Amino acid sequence: MNDIATASAAQAQHDIADEFAFFGDWSERYQYLIDLGRKLPPFPDAWKTEEHRVHGCQSMVWLVPSGDAARMHFDAASDSAIVSGLIALVLRVYSDRPAAEILATEPEFIQAIGLARHLSPTRSNGLAAMLAKLKGHAAAATGKA
């Protein structure tokens, strides 16, 4: 998803907030989320294992880390269109970054775009579980797990 890597996670979050500001209502924002999810790179079926599954999500979500503390990359997928869009946003902020930056970055874009008020409790829990698993991989890469 990080076709054009932004300078920092903070910049990625700022860019996401700017993009969502273009949309007047939440039906347009949800459609944009779905469109973002459709642009995720292909996710091999072989990665859809229990080891990579994110528990706490109502939808099926898989997260696969690679790299090391200097630069961590994440691939992820879901069986839900809206959750796939959330994954696209999360990957934009957190993938292809140093583990220390991942650990230091709070997901401010969620509040900035009003997502916190517009997600169902189960999707909010799933998003929190995905972020926790991603940060857990970053902590493990730095030896802080």
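Just above, that's the structure.
Residues numbered from 1 in each chain as written. Predicted model: local features only at pLDDT ≥ 70, side-chain atom pairs only at ≥ 80, totals over all residues. Heavy atoms only, no water.

What follows covers the packing of aromatic side chains. For the structure shown, the criterion picks out five aromatic pairs. Relative to Y32, the ring of F20 has its centre 5.3 Å away and its plane inclined at 75°; by these criteria the two rings are edge-to-face. Of this pair, F20 sits in helix α1 (residues 9-21) while Y32 sits in helix α2 (residues 26-38); the two residues are 12 residues apart in sequence, bridging distant segments of the chain. For F20, a relative accessible area of 0% translates into the label buried. The exposure class assigned to Y32 is buried, which follows from its relative accessible area of 19%. When the centroid spacing of 5.3 Å and the interplanar angle of 80° are considered together, the rings of F43 and W47 count as edge-to-face. (Phe/Tyr/Trp six-rings, centres within 6.5 Å; stacked < 30°, edge-to-face > 60°. Helix = DSSP H or I, 4+ residues; strand = E, 2+ residues; numbered from the N terminus. Buried < 20%, exposed > 50% of the residue type's maximum accessible area, 1.4 Å probe, protein only.)

A few words now on α1. Residues spaced three or four apart along an α-helix point in a common direction, a consequence of the helix completing one turn every 3.6 residues. Across its 13 residues, α1 extends 19 Å between first and last C-alpha, which sits within 8% of the 18 Å expected from 1.5 Å per residue. Buried positions along α1 lie against α2, α3 (81-94), α4 (99-104) and α5 (108-112). (Expected span 1.5 Å × (residues − 1). Contact = heavy atoms within 4.5 Å.)

Across soluble globular proteins, you tend to see nonpolar side chains buried next to one another. Counting residues in each nonpolar core, the largest one holds 40 residues, and the members touching the most others are I87, L89, V90, L115 and L127. In this structure V90 touches S95, F109, L127, M130, L131 and L134, once residues within four positions along its chain are discounted. (Core = buried A, V, L, I, M, F, W, Y, C linked by side-chain atoms within 4.5 Å.)

This brings us to the side chain of S95. In this structure, S95 sits in the loop between α3 and α4. S95 sits in the buried class, given a relative accessible area of 2%. Polar contacts involving the side chain of S95 include one to the main-chain amide nitrogen of F74, which spans 2.9 Å. (Polar contact = N/O pair within 3.5 Å; in protein donor to acceptor, adjacent residues only side chain to side chain.)

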